[in-house]
Amino acid sequence: MVDPAVVDDHGVAPEGLPLDDDYAGPRNLPVEKVLSADGTAIAFERSGSGPAVVVIGGGLNDRAMFTPFASILSEHFTVFNYDRRGRGDSEYGDPEQYTIDREVEDLAAVIEATGEPTAVFANCTGGMIAIRAAAAGVPMSKLGLYEPPYNSPKATPEQVTQLKELIAEDRRDETVTLFAKDIVRFMNDETLDHFKQHPAWQAFVSMSPSTIYDTVISTEHNSIPLESLPQVKVPTLIVRGEDSSAPIKDACLTLSEEIPGARLITLEGEGHLFNQKTGAPLMVEFFGS
């Protein structure tokens, strides 16, 4: 187990994340909504047939970001791909009342809407939400995770204040830049211009107010919740990239050791950006077994 106090502070992707060129935006599917416990409407799309799988993304992820993944899984399962609060077609909610438990309630509401035992796939900070939900007894049949970013750098109080000010002033490009380059650090000066030219940039800008939610999660829940991991009773598969940062890789190893019966897979040549076309077959096999 790695002591986070001695981990180098490099962010989730110190070299910057490469972006695929296949972002196609939302699929032409009906949008359904369910009310979370605090009354926030959470939007999802349903595709495929078979056992249910719920997909939850990470920071600056809307459901459209997982179109390739959902398309592959929907050949085998009924996929419920949802927008976390503040993204896509979901409502923003009240940021003043926000805690990670609001998002546990959102996930629970989507799971309840499936009407059956449900597998869950969670990416990045979505994994931190899903682990907390599983430990709290939110009903799941299986849990697949890609790189929950425990032990990554926390936002400073000054960054949190600046982020809130930018959101209040609706300075969306600057909000995304601060969050992605300085707080989470999956962009750097070299990759920022490429991101701004990418079709996904406008999606990032549209959901920029939600960055305060992931900032709260990564700040208040940065440490691996060792005391609650034994309460995760569902079969769990953790996937990490060989080229990801050392703190995230070590966190994934710790999760695999502390969640009862969990398995760990390391993908050669992959980093923190989830390769959906590589990862989807792993989840198809895991959820279908």
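First things first, this report covers the structure right here in the doc. (Residues numbered from 1 in each chain as written. Predicted model: local features only at pLDDT ≥ 70, side-chain atom pairs only at ≥ 80, totals over all residues. Heavy atoms only, no water.)

## Examining the sheet that holds strand β7 (residues 236-241)
Turning to step 1, where the next piece is worked out: Spatial strand order, β1-β2-β4-β3-β5-β6-β7-β8: eight strands in an open sheet with mixed pairing. Of all strands in the sheet, those with a lone pairing partner are β1 (32-35) and β8 (263-267), marking the two edges. The mean inter-strand angle of the sheet, taken between neighbouring strand axes irrespective of direction, is 20°.
Turning to step 2, where the next piece is worked out: Along the sheet, helix α3 (residues 125-135) makes contact with β3 (52-56), β5 (118-123) and β6 (142-146), crossing β5 at roughly 145°.
Turning to step 3, where the next piece is worked out: Helix-sheet contacts for helix α10 (residues 276-288) involve β3, β5, β6, β7 and β8, and the interaxial angle to β6 is about 165°. (Pairing = 2+ DSSP bridges. Helix = DSSP H or I, 4+ residues; strand = E, 2+ residues; numbered from the N terminus. Axes fitted to C-alpha atoms, helices over the stretch in contact; angles between N-to-C directions. Contact = heavy atoms within 4.5 Å.)

## Describing the packing of helix α2 (residues 100-114) against α3
Turning to step 1, where the next piece is worked out: Direction vectors running N to C along α2 and α3 enclose 75°, while the axes themselves pass 9 Å from each other. When the interaxial angle is binned, α2 and α3 end up roughly perpendicular. Between α2, through I100, D101, E103, V104 and L107, and α3, the contact on the second element is made entirely by M128, I129, A130, R132 and A133.
Turning to step 2, where the next piece is worked out: When its residues are assigned to classes, the contact of α2 with α3 shows seven nonpolar, no polar and three charged. (Parallel < 35°, antiparallel > 145°, perpendicular 65-115°, else oblique. Nonpolar A, V, L, I, M, F, W, Y, C, P; charged D, E, K, R; others polar.)

## Looking at the packing of aromatic side chains
Turning to step 1, where the next piece is worked out: For the structure on display, the rule yields 14 aromatic pairs.
Turning to step 2, where the next piece is worked out: Measuring from ring centre to ring centre gives 6.5 Å for F66 and F69, while their planes differ by 75°; the resulting arrangement is edge-to-face.
Turning to step 3, where the next piece is worked out: Taking the relative accessible area as the measure of exposure, F66 reaches 4% and is therefore buried.
Turning to step 4, where the next piece is worked out: Between the aromatic rings of F69 and F274, the centroid separation amounts to 5.5 Å while the plane-to-plane angle is 70°, which identifies the pairing as edge-to-face. Placement of F69 in helix α1 (residues 67-73) and of F274 in the loop between β8 and α10 is noted, with a sequence separation of 205 residues between them.
Turning to step 5, where the next piece is worked out: Of the residues examined, F69 reaches a relative accessible area of 0% and is grouped as buried.
Turning to step 6, where the next piece is worked out: Relative accessible area serves as the criterion here: at 6%, F274 is assigned to the buried category.
Turning to step 7, where the next piece is worked out: Among the aromatic side chains, those forming a connected cluster through ring pairs are F66, F69, F121, Y146 and F274.
Turning to step 8, where the next piece is worked out: A cation sits over an aromatic face here: K142 above F286, 5.0 Å from the ring centre. (Phe/Tyr/Trp six-rings, centres within 6.5 Å; stacked < 30°, edge-to-face > 60°. Buried < 20%, exposed > 50% of the residue type's maximum accessible area, 1.4 Å probe, protein only. Lys NZ or Arg CZ within 6 Å of the ring centre and 35° of its normal.)

## Here we look at the side chain of S47
Turning to step 1, where the next piece is worked out: Take S47: it is sitting in strand β2 (residues 41-47).
Turning to step 2, where the next piece is worked out: The exposure class of S47 is buried, given its relative accessible area of 9%.
Turning to step 3, where the next piece is worked out: Those residues within four positions of S47 in sequence are excluded, and the remaining contacts are R27, L29, A70, S74, F77, T78 and V79.

## Considerations on the environment of I248
Turning to step 1, where the next piece is worked out: Positionally, I248 belongs in helix α9 (residues 246-258).
Turning to step 2, where the next piece is worked out: Using a relative accessible area of 0% as the deciding quantity, one classes I248 as buried.
Turning to step 3, where the next piece is worked out: Considered as a pair, I248 and E158 are 90 residues apart in the sequence and their alpha carbons are 24 Å apart.

## What about the pattern of salt bridges?
Turning to step 1, where the next piece is worked out: In the structure shown here, the tally under the stated rule is 16 salt bridges.
Turning to step 2, where the next piece is worked out: Where D182 meets K181, a salt bridge forms, and the shortest distance between an N and an O atom there is 3.5 Å.
Turning to step 3, where the next piece is worked out: Looking at K181, the relative accessible area reads 23%, which means it is partly exposed.
Turning to step 4, where the next piece is worked out: Salt bridges here are not isolated pairs; linked through shared partners, they connect E45, R63, D83 and D89. (Salt bridge = Lys/Arg side-chain N within 4 Å of Asp/Glu carboxyl O.)

## Points about the packing of helix α4 (residues 157-168) against helix α8 (residues 211-220)
Turning to step 1, where the next piece is worked out: At a closest axis distance of 10 Å, the pairing of α4 and α8 adopts a crossing angle of 165°. Here α4 is positioned roughly antiparallel relative to α8, judged by the angle of their axes. The interaxial crossing formed by α4 with α8 has left-handed handedness. Here V160, L163, K164 and I167 of α4 lie close against α8, whose contacting residues are T211, I212 and T215.
Turning to step 2, where the next piece is worked out: When the residues that make up the contact of α4 with α8 are grouped by side-chain class, the tally is four nonpolar, two polar and one charged. (Left-handed = near helix turned anticlockwise from the far one by under 90°.)

## Quick word on the pairing of β6
Turning to step 1, where the next piece is worked out: Counting buried positions over the five residues of β6 gives five, a clear majority of the element.
Turning to step 2, where the next piece is worked out: Two strands pair when backbone bridges link them, and β5 and β6 are joined in this way by five bridges, in the parallel orientation. Note on β6: the bridge partner recorded for F121 is G144.
Turning to step 3, where the next piece is worked out: Bridge count for β6 against β7 is four bridges, and the pairing is parallel. Across the sheet, the residue bridging to G144 is L237, located in β7.

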